[in-house]
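Structure assessment
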Amino acid sequence: MTDLALSASATHRVVDAVWRMESAKLIGALTRVTGDVGLAEELAQDAMVAALERWPQTGVPDKPGAWLMATAKHRAIDLFRRAERLERKTAELGREIVEAEEPDWAMALVEALDEVVEDDVLRLVFISCHPVLSREARVALTLRLIGGLTTDEIARAFLVAEPTVAQRIVRAKRTLTAAKVPFEVPAGAEFTARLSSVLEVVYLVFNEGYAATSGEEWVRPALCQEALRLGRILAALTPGESEAHGLVALMEIQASRLRARIGETGEPVLLPDQDRSRWDRVLIGRGLTALERAGQCGTSLGPYALQAAIAACHARAHTADATDWVQIAALYEALAELLPSPVVELNRAMAVSRAYGPAAGLELVDELIDVPALRTYHLLPSARGDLLEQLGRRDEARREFERAASLTRNERERALLRARAAACERELGS
Amino acid sequence: MRFMVIVKGTEDTEKGVMPTQQELTEMGAYNEELVKAGVMLAGEGLLPSSKGARVRFEKDGSSTVVDGPFAETKELVAGFWILEVSSREEVIEWVRKAPFRDGEVEVRQVASAEDFGDAMTPELREQEDRLRATSAAQHGSE
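Now for a description of the structure that goes with this document. (Residues numbered from 1 in each chain as written. Chains lettered and ligands numbered in written order. Predicted model: local features only at pLDDT ≥ 70, side-chain atom pairs only at ≥ 80, totals over all residues.)

A few words now on the overall build of chain B. For chain B, the count of helices and strands is four helices and six strands. For chain B, the α and β elements follow one another from N to C terminus as β-α-α-β-β-β-β-α-β-α. Excluding contacts between residues fewer than 6 apart, the proportion of contacts in chain B whose partners are at least 24 apart in sequence is 71%. (Helix = DSSP H or I, 4+ residues; strand = E, 2+ residues; numbered from the N terminus. Contact = placed C-beta atoms within 7 Å.)

In structure tokens, the structure reads:
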């Protein structure tokens with residue numbers, strides 16, 4: 001036991017910590033036994049409330065997780081007893097004779113909860129990210145059930161109102177019950193499809209932190225940490241899945257740059273300009289290890305692992321000039337095959353230009369000119385202008401910069417592009 | 001937040017007494033739990049101080065090397081973990097789960113620039129969209 005008679009707020013902090021550590025296991029085991037994730041969460045919550053009441057007097061038990069489990073178990077037994085009594089009464093009203101035999105379900109329940117089932121948390125991950133749920137619901141439920149976050153914490157992280165999140169979670173649980181979603185790890189081909197839905201949810205959380213789409217801050221590191229934790233849990237639960245390691249590798253390496261991505265006055269700093277001494281070497285090391293694991297699963301690298309491999313090329317370069325663009329261009333080519341997208345192609349073209357010169361890059365960029373999705377995408381003419389300028393084709397470069405300037409919605413960028421166009425003009429005149 | 005969990009030396013660790021089979025099993029299970037919870041960033045056990053050395057610096061910048069072993073056993077470090085958790089309470093609860101039966105473990109927070117990213121100015125917010133797009137175009141996953 002730790003110090004007796006903890007203050008209420010100190011107990012609260014300890015209970016929060018224990019909840020974060022144990023809740024997924026607790027809810028997982030209770031879902032397995034009750035068959036209802038909503039009920040399981042309620043029982044676990046009840047146990048937490050009991051801890052908040054008891055621990056200030058008794059001190060924190062030596063095994064707080066086991067304490068919570070035992071308490072939740074008693075609540076479950078009480079609940080089932082009440083339900084059974086009710087059933088029996090109903091039966092009596094129906095004038096049926098019911099033998100007052102002591103049910104053995106109570107013992108079965110106790111035993112089932114004492115069993116350690118390794119897959120409980122993984123099953124919980126799979127139902128939290130089940131395809132019957134909307135993407136938003138999957139994110140909320142995953143953070144809630146696996147991450148152990150409160151609805152308030154989730155709401156603050158995504159800058160939405162707390163009741164919205166609460167309702168999302170309530171509805172999600174109802175949907176799962178209504179759809180009779182089984183508490184299981186899917187098998188065979190379904191496993192792969194369902195796993196990718198899980199990875200998507202984790203990466204969504206990460207990106208929301210890494211390139212905050214809303215709010216005052218450019219990044220929200222806490223959300224990145226949360227996604228990293230979820231990803232690490234997932235990779236540990238599915239050690240044979242290359243993409244799970246690939247996603248972890250991608251997130252570790254990207255997160256390693258969080259510090260360097262923010263300038264002194266809070267402004268974003270882009271990769272080539274980052275102070276590489278501020279990159280987090282621990283996370284880079286972990287990212288490279290995870291990438292290695294992704295490569296050892298016996299399957300070819302998927303989109304996450306390939307993106308991680310690209311990120312790793314940057315991570316390995318001690319200066320921006322030392323970047324292995326040949327390797328990056330090759331990785332983009334592989335990525336474009338798996339994820340055919342004009343934006344990936346444009347990235348590939350820029351990598352090719354760094355590796356093999358502006359003419360080679362331009363050739364690829366030119367193939368994208370007629371792609372409908374890029375027709376109003378200002379970065380295409382901007383990239384093209386850049387390559388043309390490098391090739392000394394200044395008149396064409398000027399036209400591209402002007403076109404890019406007319407397409408961008410950002411004033412600062414428009415000014416920058418106009419300035420580049422004007423510079424081309426001057427060069428032409430001289 | 002990140003913590004370094006420092007396992008202090010004991011007479012046994014200094015003598016290089018190897019852990020028993022049972023101790024190894026328990027420690028393995030504990031480490032696995034840390035990994036499965038996604039909180040363990042690193043962790044190592046250290047050899048006795050007799051294999052180590054100290055480098056002492058003088059005011060004039062000169063240095064002297066002192067070879068181990070060192071006497072003050074309880075001040076020595078026998079191993080460490082780096083854990084990433086969300087609170088001091090959480091790291092303490094993790095440490096309380098460690099399968100030790102004697103000795104002492106010290107918990108220290110790793111210093112970090114948590115306070116970066118103070119509120120962005122409106123201008124910077126305006127830039128955000130552009131930079132994200134530019135960054136995506138230049139560096140893919142970035």
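The subject of this paragraph is the environment of B:E72. Residue and element names in this part refer to chain B. The residue E72 is located in the loop between β4 (63-67) and β5 (77-84) in this model. Residue class for E72 comes out exposed when judged on the 8 C-beta atoms lying within 10 Å of it. As a C-alpha pair, E72 and R88 span 16 residues in sequence and 28 Å in three-dimensional space. (Buried ≥ 20, exposed ≤ 12 C-beta atoms within 10 Å, placed from the backbone.)

Residues and elements named next belong to chain A. Here helix α13 (residues 303-316) is 14 residues long and its end C-alpha atoms lie 20 Å apart, about the 20 Å a rise of 1.5 Å per residue gives. A large share of α13 lies buried, amounting to 12 of its 14 residues. Residues of α13 that are buried: Y304, A305, L306, Q307, A308, A309, I310, A311, A312, C313, H314 and A315. Against α9 (188-210), α11 (242-255), α12 (281-295) and α14 (325-338) lie the buried residues of α13. (Expected span 1.5 Å × (residues − 1).)

Turning to helix α2 (residues 37-58) of chain A, a few remarks are in order. Residue and element names in this part refer to chain A. For α2, with 22 residues, the first-to-last C-alpha span of 30 Å sits near the 32 Å given by 1.5 Å per residue. Turning to α2, its buried residues number three or more, namely V37, A40, E41, L43, A44, A47, M48, A51, W55 and P56. Once α2 ends, the next one or two residues include G59, with phi positive near 85°.

Counting residues in hydrophobic clusters, the biggest one holds 134 residues, and the most contacted among them are A:L30, A:V202, A:A308, A:A309 and B:L83. A per-element tally of this core places helix α1 (residues 8-34) of chain A first, with 12 residues. For A:A309, the residues in contact, after removing those within four places along its chain, are A:L291, A:L301 and A:L331. (Core = buried A, V, L, I, M, F, W, Y, C linked by C-beta atoms within 7 Å.)

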